[in-house]
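Chains, contacts and geometry: an overview
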Amino acid sequence: MSEENPVFQIQRVYLKDLSLEQPNSPQILLEQEQPNVDIQLGVEASPVADGIFEVAVTATVQTKIKDKTVFLVEAKQAGIFEIRNIPEDQMGPIMGIACPQIVYPYLRGNIADVVTRAGFPPVHLAEINFQAMYEQQQAQLASAAPTPSVTQ
């Protein structure tokens, strides 16, 4: 029996979810103070069918002046990938590093666009080193995993 060739293909990249809130407009728009910006990112992966996976990168961008929100953007950019005949030990890095690197530029563009359309200067998300992010998550999981205890 011969080994099958590995397959890694992008089927589709799409904007799965996007919301924009300006709960304190228009009053907050009159403020002269520079807002604080908080950005949270996440990656999730799930099987869709045999050899087909959805990988999504989520971002939450919240800007505040004092304790009042100027705007809040939540976005989820996803991709469908065909991944077959890849060794199991390589699946985590592919879905935690390679796929997010493909999806993330679309997310960055969509967030900058929606913020601009909302009447604000664009927020440009920084480049992300998904390999470092993945390795950090793996280290956290390893340190949080219970160590087997031996009873005598």
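Residues numbered from 1 in each chain as written. Predicted model: local features only at pLDDT ≥ 70, side-chain atom pairs only at ≥ 80, totals over all residues. Heavy atoms only, no water.

Topic: the packing of aromatic side chains
Defined as follows: Classification of ring pairs uses Phe, Tyr and Trp, with its six-membered ring standing for Trp, and accepts pairs whose centres are within 6.5 Å; under 30 degrees between planes counts as stacked, over 60 as edge-to-face, and the remaining range as tilted. Working definition: helices are DSSP H or I runs of at least four residues, strands are E runs of at least two. Numbering for both runs from the N terminus. Partly exposed describes any residue whose relative accessible area lies between the buried limit of under 20% and the exposed limit of over 50%, with all areas from a 1.4 Å probe on protein chains only and scaled to the type maximum.
Evaluation of the coordinates by the stated rule reveals three aromatic pairs. Relative to Phe120, the ring of Phe71 lies with its centre 4.7 Å away and its plane at 40°, an arrangement referred to as tilted. Linking Phe71 in strand 4 (residues 68-84) with Phe120 in the loop between helix 1 (88-117) and helix 2 (130-144), this pair joins segments that are 49 residues apart in sequence. Each member of the pair Phe71 and Phe120 is classed as buried. Considering the side-chain rings of Tyr104 and Phe130, the 5.4 Å spacing of their centres and the 75° angle between planes classify their relative orientation as edge-to-face. Of the two residues, Tyr104 sits in helix 1 while Phe130 sits in helix 2, which places them 26 residues apart along the sequence. The pair Tyr104 / Phe130 is uniform in exposure class, with both members buried.

Observations regarding the pattern of salt bridges
Close approach of charged atoms allows side chains of opposite charge to pair. Our working rule: Definition used for salt bridges: Asp or Glu carboxyl oxygen within 4 Å of a side-chain nitrogen of Lys or Arg.
Tallied over the full model, the rule gives seven salt bridges. Linking Lys16 and Glu54 is a salt bridge whose minimum nitrogen-to-oxygen distance equals 3.0 Å. With a gap of 38 residues between them, Lys16 in strand 1 (residues 7-21) and Glu54 in strand 3 (residues 52-65) connect regions that are remote in the sequence. Judged by its relative accessible area of 11%, Glu54 falls in the buried class. Here Lys76 and Glu44 are joined by a salt bridge, their closest N and O atoms 2.9 Å apart. Of the two residues, Lys76 is situated in strand 4 and Glu44 in strand 2 (residues 36-49); the sequence distance between them amounts to 32 residues. Each of Asp50, Glu82 and Arg84 takes part in a single network of salt bridges with overlapping partners.

Section: the nonpolar core
How we decide: What we call a nonpolar core is a set of buried Ala, Val, Leu, Ile, Met, Phe, Trp, Tyr and Cys residues that are connected through their side-chain atoms within 4.5 Å. Contact definition: two residues touch when any of their heavy atoms are within 4.5 Å.
With 32 residues, the main nonpolar core has Phe71, Ile83, Ile111 and Val115 as its most contacted residues. If one sorts the elements of this core by residue count, helix 1 sits on top with eleven residues. Beyond its immediate sequence surroundings of up to four residues, Val115 is in contact with Phe71, Val73, Phe120, Pro121, Pro122 and Val123.

With respect to helix 1
Residues three or four positions apart in an α-helix share a direction because the helix packs 3.6 residues into each turn. As a reminder of what qualifies: Here the expected length of a helix is defined as 1.5 Å per residue gap, with one fewer gap than residues. To get the bend at a given residue, fit one axis to the seven residues ending there, fit another to the seven starting there, and take the angle between those axes.
The end-to-end C-alpha distance of helix 1, which contains 30 residues, comes to 43 Å, matching closely the 44 Å that a straight helix rising 1.5 Å per residue would cover. Considering bend angle alone, the principal kink of helix 1 is centred on Ile94 and spans about 45°. Remark: Gly119 follows helix 1 within two positions and exhibits a positive phi of approximately 100°.

Brief notes about the environment of Glu82
Assignment of secondary structure puts Glu82 in strand 4. Beyond its immediate sequence surroundings of up to four residues, Glu82 is in contact with Val7, Phe8, Gln9, Gln11, Gly51 and Ile52.

Here we look at the packing of helix 1 against helix 2
Rules: Lines fitted to C-alpha atoms define the axes here, with helix axes fitted over just the stretch in contact, and angles between the N-to-C directions of these axes take values from 0 to 180 degrees. Left-handed is the label given to a crossing in which the near helix is rotated counterclockwise from the far helix by less than a right angle, and right-handed is the label when the rotation is clockwise. Residue classes follow a fixed rule: Ala, Val, Leu, Ile, Met, Phe, Trp, Tyr, Cys and Pro count as nonpolar, while Asp, Glu, Lys and Arg count as charged, and any other residue, Gly among them, counts as polar.
Between helix 1 and helix 2, the least distance of the axes is 9 Å, while the angle of their chain directions is 145°. For the crossing formed where helix 1 meets helix 2, the hand is right-handed. Facing helix 1, whose interface residues are Gly92, Pro93, Gly96, Ile97, Pro100, Gln101 and Tyr104, helix 2 presents Phe130, Gln131 and Tyr134. When the residues that make up the contact of helix 1 with helix 2 are grouped by side-chain class, the tally is six nonpolar, four polar and no charged.

Spatial relationships are all this shows, so hold off on functional conclusions.
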